[in-house]
Amino acid sequence: MTKQQKAEVIDFLTSEFKESQAIVVCDYKGLTHKELEALRKSARDNGAKVQVAKNTLVTVAVKNAELGEIELSGTNVFIWSEDQISACKVADKFAQEKSEKFVIKSGIIEGEPADLNRVNAFAKLPSRDELIGMLLSVWTAPARNFVTGLDNLRAKKEEEAA
């Protein structure tokens with residue numbers, strides 16, 4: 001890799017990491033190309049991004065993005081997203097499916113270092129869309145109950161009239 005290519009990778013990762021709320025670091029040793037492509041597809045479907053990059057380049061990109069220090073070793077794949085939950089969910093789900101080959105090591109969530117337990121805790125939270133659905137359900141419940149009550153009253157009045 002030339003210096004120019006390394007600089008391009010660092011610039012790309014720095015800009016991506018500045019916009020992301022979560023970066024998850026995973027060991028992917030032993031994954032086949034097909035399995036890695038399945039991880040990438042799953043990430044795309046959930047609004048996350050995946051890249052394998054040299055640890056030194058990622059360390060510089062994290063520092064440039066002002067996310068603190070991160071210590072990396074071994075073979076790593078990096079998953080990140082604009083919200084905290086998507087990247088964690090993708091990594092957690094894939095780690096459960098491929099537990100012998102894919103291991104979550106650590107991460108950075110909201111600019112702070114995160115261990116495996118914190119990544120797993122974020123993975124268990126409902127996604128943004130699920131939270132919006134829950135909120136809408138709560139908001140529409142009074143109107144739904146009012147309409148149901150009116151319909152029951154109408155049915156009762158029709159029975160009494162008949």
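Residues numbered from 1 in each chain as written. Predicted model: local features only at pLDDT ≥ 70, side-chain atom pairs only at ≥ 80, totals over all residues. Heavy atoms only, no water.

1. Description of helix 2 (residues 33-45)
Stage number 1. Given a rise of 1.5 Å per residue, 13 residues ought to cover 18 Å, and the 18 Å separating the end C-alpha atoms of helix 2 matches this to within 8%.
Stage number 2. Among all positions of helix 2, only Glu35, Leu36, Leu39, Ser42 and Ala43 are buried. Seen along its axis, helix 2 keeps its buried residues to an arc of 120°; they face one direction. In this structure, helix 2 carries His33, Lys34, Arg44 and Asp45 as exposed residues pointing more than 90 degrees from its buried face.
Stage number 3. On its buried side, helix 2 packs onto strand 2 (48-52), strand 3 (76-81) and helix 4 (84-97).
Stage number 4. Looking at the residues trailing helix 2, positive phi occurs at Gly47, about 75°. (Helix = DSSP H or I, 4+ residues; strand = E, 2+ residues; numbered from the N terminus. Expected span 1.5 Å × (residues − 1). Buried < 20%, exposed > 50% of the residue type's maximum accessible area, 1.4 Å probe, protein only. Arc of directions from axis to C-beta. Contact = heavy atoms within 4.5 Å.)

2. As for the pattern of salt bridges
Stage number 1. Counted by the stated rule, this structure contains 9 salt bridges.
Stage number 2. Notably, a salt bridge pairs Glu37 with Arg40, separated by 3.3 Å at the nearest N-O pair. Of the two residues, Glu37 and Arg40 both sit in helix 2, 3 residues apart, roughly one turn of that helix.
Stage number 3. A relative accessible area of 33% places Glu37 in the partly exposed class.
Stage number 4. On the basis of relative accessible area, Arg40 is assigned to the partly exposed category, the value being 23%. (Salt bridge = Lys/Arg side-chain N within 4 Å of Asp/Glu carboxyl O.)

3. Here we look at the pairing of strand 1 (residues 22-27)
Stage number 1. Of all 6 residues that make up strand 1, 5 are buried, and the element is covered over most of its length.
Stage number 2. Relative to strand 3, strand 1 runs antiparallel, the two sharing 6 bridges. Note on strand 3: the bridge partner recorded for Val24 is Ile79.
Stage number 3. Alignment of strand 1 against strand 4 (residues 103-109), held across 6 bridges, turns out to be antiparallel. Across the sheet, residue Val25 finds its bridge partner in strand 4, namely Ser106. (Pairing = 2+ DSSP bridges.)

4. What about the nonpolar core?
Stage number 1. Residues Val24, Cys26, Leu39, Ile79 and Phe102 are the most contacted members of the largest nonpolar core, which totals 26 residues.
Stage number 2. Elements represented by at least two residues in this core include exactly strand 1, helix 2, strand 2, strand 3, helix 4, strand 4 and helix 5 (116-124).
Stage number 3. Per-element tally for this core: the top contributor is helix 4, with 7 residues.
Stage number 4. With near-sequence residues (within four places) excluded, Cys26 lies in contact with Thr75, Asn76, Val77, Ile79, Ala91, Phe102, Val103, Ile104 and Lys105.
Stage number 5. Residues Val9, Phe17, Ala53 and Phe78 belong to the second largest nonpolar core, which totals 18 residues. (Core = buried A, V, L, I, M, F, W, Y, C linked by side-chain atoms within 4.5 Å.)

5. Some remarks on the packing of aromatic side chains
Aromatic rings in a pair are described by how distant their centres are and how their planes are angled relative to each other.
Stage number 1. The full count for this structure, using the stated rule, is 2 aromatic pairs.
Stage number 2. Between Phe94 and Phe102, the ring centres sit 4.9 Å apart and the planes meet at 85°, which makes this aromatic pair edge-to-face.
Stage number 3. Residue classification places Phe94 among the buried residues on the basis of a relative accessible area of 4%. (Phe/Tyr/Trp six-rings, centres within 6.5 Å; stacked < 30°, edge-to-face > 60°.)

6. Let's talk about unusual backbone geometry
Stage number 1. One non-glycine residue, Glu66, lies in positive phi territory at about 60°.
Stage number 2. The residue Glu110 is not glycine, and still its phi comes out positive at about 55°.
Stage number 3. Structurally, the position occupied by Glu110 is in the loop between strand 4 and strand 5 (112-114).

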